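Now for the letters of each chain:
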Amino acid sequence: MINIFEVNETNTMIEQENLDVRTITLGISLLDCCDADLDVLNRNIYDKITRLAHDLVSTGREIECEYGLPIVNTRISVTPIALVGGRACRCPEDFVTIARTLDEAARDTGVNFLGGYSALVSKGMTKADRDLIRSIPGALSSTERVCSSVNVGSTRTGINMDAVKLMGEIIRETAEATQENNSLGCAKLVVFCNAPDDNPFMAGAFHGVTEADAVINVGVSGPGVVKHALEGVRGENFEVLCETVKKTAFKVTRVGQLVAQEASERLGVPFGIVDLSLAPTPAVGDSVAEILEEMGLESAGAPGTTAALALLNDQVKKGGVMASSFVGGLSGAFIPVSEDQGMIDAVNRGALTIEKLEAMTCVCSVGLDMIAIPGTTSAATISGIIADEAAIGMVNQKTTAVRLIPVIGKDVGDTVEFGGLLGHAPVQRVNPFGCEDFVNRGGRIPAPIHSFKN
Amino acid sequence: MKKTIITVVGKDAVGIIARVCTYLADNQVNVEDISQTIVQGYFNMMMIVDTGRSPRPFGEMVRDLEELGDEIGVRIRCQHEDIFTKMHRI
C-alpha cells in the first residue's frame, strides 16, 4: 500500500522541482497521402492529421488533471515531407504550400509544434530533397508552428558535404527571412547526423519511415528533480552520486511510461517509446547546468564538465531503461543554451564557449543546441560547425545535431529574446578563421571504417 | 476501478477532515484508508478513496476539492493512485 511519504515525495517533485512530462508527440505517417496533384495532396495531409490528432490535446489535458502531473506540450510529428511531396511538388514554392497546410492542421488541432518538414539526405539528395531544403526559409518564415530538420550524415553513410554546404546557406537565409523576429526561424530548424526515427522532441521530431501508421511517443523531463536529489548527497563519492541519479531517473521515467500508456490507450494509438531525456526549461530550478554545478563544478564549462555530463547521461539511461518497456529517441541530457538558465549564466560569465559545448556534445544526447551567434557569421563557417558536429556523431555512432541562430543585426555581447520555452540567449563568439575552401569541396565524406559491421 | 489518492496539506485547523469527508459523502465517494500526520509543522493527510460510484466526473471533483481547499486554507489534491504506485513500486 502506498504511504503518505511516497505520496508527498511525488507531489514535491511535481510542485517544487518541476517534474513534468515534456511532451506527448503523436507521430503520423503521411505516406498514404501521396498524390500527383498538389491540391489533393494538401487536402489529404490536412484531413489525416486533423482526423488522427483531433482528441490529442484534450486527452493530454485529461491525463494532466487526473494524475496532477503537468504535461507541457502536445505535438505532432509527420513523415519527412520530402518523401511525401516528391510526386506533387515541382519547385520549392510547391513545398511551401505543404508547410502552410501543416501549420493550419497544427493550429486546428491545438498542438504547439508540428515537426517533420524534413529531408533525409545522409548519402545523397533527390530533386525533391533539394527543393524541400531550398524551401525551408520560405516555409519557416510564413508559418508559425512548423519545425524543420535535415539529416545530413550517418555512421553508415558518411557525411553528405553538399548538403552540409547547402544547410549553411539555408540557415543564413532563414535567419534573414525571419530577421524582424530575432531570426526565430532558425530555432525551428535542426541539422542532424544519425537522426532517430522516433524522437518526440522539437524541433528535430519527425515520424520516420520505419514507424507504424500512428504512434504515441513521450518525452519526460526532470532536471530539477535530479538536482534536488543530488543536494542530499553533497560531498559523497561518485558511487553514491551515480546511484542517486539512477534512482531518480527511474522514478521520472516511470511517470513517462504511465502517461505514454494512458495516452496510447485513450487515443487508440499504439505506444511507441519513452525518451529518457533530461530537458531543461528557462525556469529557475529546471536546469541541466545546475545539476553539473551541484556535482561540484564552479560553473558549467569548467574543467570536469564533460566528465560530469557523461556520468549524468549514462546514469539517466541506466535508471530509465528498466522503468519503461520501450526506450528510444534521443535519451540523454539536453544542453541547449537559451533554454537553460544555468547555461545562459555560464556563457555570460565567460565559462562556456562554443568549443566547450562541442566537446560536451560528444557525451550528451544531441548537440549544439539553441546557440545564438553573430548575424555576420558566414554560411561557410556555419557549414564548418555543422560538419564538425556531424563528424562527432558519425564517428561515435550517436545522434548529433546543430541548431544555431545567426541573429541578424546582433553581435557578441548582445542578448536575444525568443520568448516562452525557447528562452533567451547571449550571442556567442564564433572562431573567426575561415573554412570556405574545405566546405566548398563538395561531395561526401566516406563512412568511417566501423560502419562495416556485417 | 482505479483508486484515488486525496492529499490535504496546510496549516492545522478545526474541522478540515470533517469538511473533506462531508464533501466525499455527499458525492458517493467511499473512504478506504486515512493516514494523517504533522510534517514540518503542517497538517498532512492522505486518503485512499474509491470514486467508482460517484456520479461526479473526476475532473470536476478535482476542481471542487481544490476550491474547498482554498475555502478552508489548505491545499487539496486529488489524483489517480497509478502515478504513485508506478513511481514507487516495481
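Each chain has its residues counted from 1, running along the sequence as written. For this description, chains carry letters from A and ligands carry numbers from 1, given in the order in which they are written. Per-residue local features are limited, in this predicted model, to residues with pLDDT of at least 70; the limit for side-chain atom pairs, both in listing and counting, is 80 or more; totals at the level of whole chains, interfaces and linings are taken over all residues. Each side-chain value is worked out from all heavy atoms of the structure, with water and hydrogens disregarded.

The name given to chain B in an unreviewed UniProt entry is UPF0237 protein CUJ86_08555, with Methanofollis fontis as the source organism. UniProt positions are given in the numbering used here, feature names are shortened, and annotations may be inferred rather than shown by experiment. Regarding chain B, the UniProt comment filed under Sequence similarities (unreviewed entry) reads as follows: "Belongs to the UPF0237 family."

Taking an unreviewed UniProt entry as the reference, chain A is identified by name as UPF0210 protein CUJ86_08550 belonging to Methanofollis fontis. Its UniProt record, at the heading Sequence similarities (unreviewed entry), says of chain A: "Belongs to the UPF0210 family."

Trainee: With reference to specific residues and values, describe the domain arrangement of chain A.
Mentor: Residues and elements named next belong to chain A. Where each domain starts and ends follows an automatic or database-derived domain assignment. You can read the domains of chain A as domain 1 (23-193) and domain 2 (218-445). Between the C-alpha centres of domain 1 and domain 2 the distance comes to 22 Å. Note on contacts: a residue pair is in contact if any heavy atoms of the two residues lie within 4.5 Å. Taken together, the 45 residues of domain 1 in the interface contact 50 residues of domain 2. Surface buried jointly by domain 1 and domain 2 totals about 3900 Å² across both partners, of which 68% is contributed by carbon and sulfur atoms. Defined in terms of a 1.4 Å probe, buried area is the accessible area two parts forfeit on being brought together, summed over both. For the domain 1 face of the interface with domain 2, the top three residues by lost area are Ile159, Met161 and Arg172, together amounting to 16%. Whenever Lys or Arg places a side-chain nitrogen within 4 Å of a carboxyl oxygen from Asp or Glu, that contact is recorded as a salt bridge. Remark: the boundary between domain 1 and domain 2 carries 2 salt bridges.

Trainee: Please give an account of the interface of chain A and chain B that cites residues and values.
Mentor: Taken together, the contacts link 28 residues of chain A with 27 residues of chain B. The largest per-residue losses of area from chain A upon contact with chain B belong to Ile2(A), Ile4(A) and Tyr67(A), which jointly make up 24% of the total buried on that side. Inspection of the region where chain A meets chain B yields 3 salt bridges. The partner of Glu6(A) in a salt bridge is Arg89(B), with the nearest N and O atoms 2.9 Å apart. N or O atoms closer than or at 3.5 Å make up a polar contact, with two conditions inside protein: a donor-capable atom paired with an acceptor-capable one, and, for residues adjacent in sequence, both atoms drawn from side chains. Where chain A meets chain B, there are 12 residue pairs in polar contact (both at pLDDT 80 or more). What counts as a helix is a DSSP run of H or I of at least four residues, what counts as a strand is a run of E of at least two, and both are numbered from the N terminus. Elements with a contribution of two residues or more to the side of chain A that touches chain B: α1 (4-16), α3 (56-67) and α9 (238-267) of chain A. Of the residues forming the side of chain A that touches chain B, the biggest block, 10 residues, is contributed by α1(A).

Trainee: Which residues make up the pattern of salt bridges, and what values go with them?
Mentor: Residues and elements named next belong to chain A. The final tally for this structure, using the stated rule, is 26 salt bridges over all chains. A salt bridge links glutamate 294 to arginine 234; its shortest N-O distance comes to 2.7 Å. Of this pair, glutamate 294 sits in helix α10 (residues 288-294) while arginine 234 sits in the loop between α8 (223-231) and α9, and the two are 60 residues apart along the sequence. Note on classification: 1.4 Å probe, protein chains only; a residue is buried when its accessible area is under 20% of the maximum for its type, exposed when over 50%, partly exposed between these limits. Given a relative accessible area of 13%, glutamate 294 falls into the buried group. Overall, arginine 234 belongs to the exposed group, its relative accessible area being 58%. Sharing partners across several salt bridges, the network here consists of Glu62, Glu66, Glu262 and Arg266.

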